[in-house]
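Observations on chain architecture
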Amino acid sequence: MNYLDQLEAESIYIIREAYGQFNKPVILFSGGKDSILVTHLAMKAFLPGKLSLPVMHIDTGHNFPETIEFRDDFINKYQLNLIVGSVQESIDQNKAKESAGKSNSRNRIQSITLLDTIEKHKIDCALGGGRRDEEKARAKERFFSHRDAFGQWNPRGQRPEIWNLYNGRYNEGEHFRVFPISNWTELDVWRYIKRENIQLPSLYFSHEREVIFRDNSWIPVSEFIRISEDEKIIKKTIRFRTLGDITITGGIESTASTIDEIITELAEFKRGERGNRSDDKTSDNSMEDRKKEGYF
């Protein structure tokens, strides 16, 4: 076995453990490369049968159109059961309030919708595409990440994971987030995507689009952002390393239009892939604070 085979085997084992230990697990699906990878691995885990886990998307309403188009095509292609939680519905019900900043981001308040959707569908396990190399708060995660009755994450209260033993016991109202690709790096993901010929949204590959320069990133122009007088709209050839709310997901200047070119490009990068997400720049502990509130 090469290292990709080992990573694949570990992830499939964790997915099967989650399926065996929990009553109603789902796959968190954003339409980004990591959630697509987890879904691909889950389909392999159930071979020769069909994937029986539903996928759940928290729709901020501020998505890239390309992401939603890819999501719908993906769901139809593999005949998956899709659960959608709507941030707009949370706002309409006065459960959440939009930020008043220039970007008008809904990224933080999607935690409310996520927790409501988990409670509504009685989900006790949500499998996500988080990886430990992404960000320091995610580096603290276990494979099986316990959340209390309020959906909160306590980094000091996680269960030990000795060898390949995972403790999925929980009390009424609690649930788990499970991260099967925790040990993968961004390069591992792309090399596996190449090997398995996994299809991705076009946003990951270089393309020309209108952008503004904000928070040291190229933010795509959309109907959801307010453009200041000192911000100039220009056309740039960019691509995205990570996908999220269109108002806070920054692109990088790149001409990498194939997987091989992306792999070559990544080998030279020193900056993490979430370095172009403005929601991670609000404070040194922004990701950890959001995770404690119930975020991914």
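Residues numbered from 1 in each chain as written. Predicted model: local features only at pLDDT ≥ 70, side-chain atom pairs only at ≥ 80, totals over all residues. Heavy atoms only, no water.

**Quick look at the packing of helix H1 (residues 3–21) against helix H6 (residues 186–196)**
We apply this condition: Lines fitted to C-alpha atoms define the axes, with helix axes restricted to the stretch in contact, and inter-axis angles between N-to-C directions lie between 0 and 180 degrees. To qualify as a helix, a DSSP run of H or I must reach at least 4 residues; to qualify as a strand, a run of E must reach at least 2; elements of each kind are numbered from the N terminus. By definition in this entry, angles of less than 35 degrees are roughly parallel, angles greater than 145 are roughly antiparallel, angles of 65 to 115 are roughly perpendicular, and the rest are oblique. We call two residues in contact whenever any of their non-hydrogen atoms come within 4.5 Å of each other. By the convention adopted, Pro, Cys, Tyr, Trp, Phe, Met, Ile, Leu, Val and Ala count as nonpolar, Lys, Arg, Asp and Glu as charged, and the other residues, Gly among them, as polar.
At their nearest, the axes of H1 and H6 sit 11 Å apart, and the two run at 95 degrees to each other. Compared by their axis directions, H1 and H6 come out roughly perpendicular. On H6, the residues that touch Tyr3, Leu4, Asp5, Leu7 and Glu8 of H1 are Asp188, Arg191, Tyr192, Arg195 and Glu196. For the contact of H1 with H6, the class distribution of residues is four nonpolar, no polar and six charged.

**A word on the domain arrangement of the protein chain**
What counts here: What counts as a domain boundary in this text is fixed by an automatic or database domain assignment. When two components associate, each loses some accessible surface as probed by a 1.4 Å sphere; the sum of these losses over both components is called the buried area. One speaks of a salt bridge when a side-chain nitrogen belonging to Lys or Arg is within 4 Å of a carboxyl oxygen belonging to Asp or Glu. Here a polar contact is recorded for every N or O atom pair within 3.5 Å, except that within protein the pair must consist of a potential hydrogen donor and a potential acceptor, and residues adjacent in sequence are included only if both atoms are side-chain atoms.
According to the domain assignment, the protein chain consists of domain 1 (3–185 + 284–292) and domain 2 (189–279). Centre-to-centre separation of domain 1 and domain 2, based on C-alpha positions: 22 Å. The partner domain 2 presents 35 residues to the 38 residues of domain 1 that form the contact. When domain 1 packs against domain 2, close to 3100 Å² is buried across both sides, 54% of that on carbon and sulfur atoms. The tally of links from domain 1 across to domain 2 stands at four salt bridges. A salt bridge links Glu8 to Arg195; its shortest N-O distance comes to 3.6 Å. Joining domain 1 to domain 2, the criterion identifies ten residue pairs in polar contact (both at pLDDT 80 or more). Of all the secondary structure elements, the ones that give two or more residues to the side of domain 1 that touches domain 2 are H1, helix H2 (33–45), helix H3 (65–78) and helix H8 (286–292). Residue contributions to the side of domain 1 that touches domain 2 peak at seven residues, all from H2.

**With respect to the sheet that holds strand S7 (residues 207–214)**
Put simply, the test is: For two strands to be treated as a pair, DSSP must find at least two bridges joining them.
If you walk across this open sheet you meet the four strands as S8-S7-S9-S10, and the pairing is antiparallel. Single-partner strands in this sheet number two, and they are strand S8 (217–220) and strand S10 (252–253). One ladder, built from five bridges, connects S7 with strand S9 (residues 234–239); its direction is antiparallel. The residue bridging Arg209 from the neighbouring strand is Lys236, located in S9.

**What about the environment of Phe46?**
If you trace the backbone, Phe46 turns up in the loop between H2 and strand S2 (55–59). Spatially, the C-alpha atom of Phe46 lies 8.3 Å from that of Arg16, the residues being 30 residues apart in sequence. In contact with Phe46, other than residues within four places in its own chain, are Tyr19, Leu51, Ser52 and Leu53.

**Regarding the pattern of salt bridges**
Which entries qualify depends on this criterion: Here the term buried applies to any residue with accessible area under 20% of the maximum for its type, exposed to any over 50%, and partly exposed to those in between, with areas from a 1.4 Å probe on protein chains only.
Here the structure, examined in full by the defined rule, presents 18 salt bridges. A salt bridge links Arg209 to Glu66; the shortest N-O distance between them is 3.6 Å. Taken together, the residues Arg209 in strand S7 and Glu66 in helix H3 connect sequence positions 143 residues apart. With relative accessibility at 15%, the residue Arg209 sits in the buried group. For Glu66, a relative accessible area of 24% translates into the label partly exposed. A salt bridge links Arg106 to Glu98; its shortest N-O distance comes to 2.9 Å. For Arg106, a relative accessible area of 6% gives the class buried.

**Here we look at the sheet that holds S2**
Each strand in a sheet pairs with its neighbour through backbone hydrogen bonds, running either in the same direction (parallel) or in the opposite one (antiparallel). Pairing within the open sheet is mixed, and its six strands lie in the order S3-S2-S1-S4-S6-S5. Each edge of the open sheet is held by one strand with a lone partner, namely strand S3 (82–86) and strand S5 (144–147). With direction set aside, neighbouring strand axes in the sheet form an average angle of 30 degrees. Docked against the sheet, H1 engages strand S1 (25–28), strand S4 (125–127), S5 and strand S6 (175–178), running at close to 40 degrees with respect to S5.

**Let's talk about the layout of surface pockets**
The condition is simple: Here a cavity denotes a set of grid points, spaced 1 Å apart and computed over the protein atoms alone, in which a 1.4 Å probe fits but from which it cannot get out, and a pocket denotes an open set meeting protein on both sides within 12 Å along at least five of seven lines; residues with an atom within 4 Å of a point are reported as lining. Grid points are joined across faces, edges and corners, and a volume is the space filled by probe spheres set on the points.
The computed volume of the largest pocket comes to approximately 390 Å³. Taken together, 18 residues make up the lining of the largest pocket; nearest its centre are Ile118, Glu119, Ile123, Gly173 and Glu174. In terms of residue count, the dominant contributor to the lining of the largest pocket is helix H5 (residues 110–120) (five residues). Grouping the amino acids of the lining of the largest pocket by side-chain chemistry returns seven nonpolar, four polar and seven charged.

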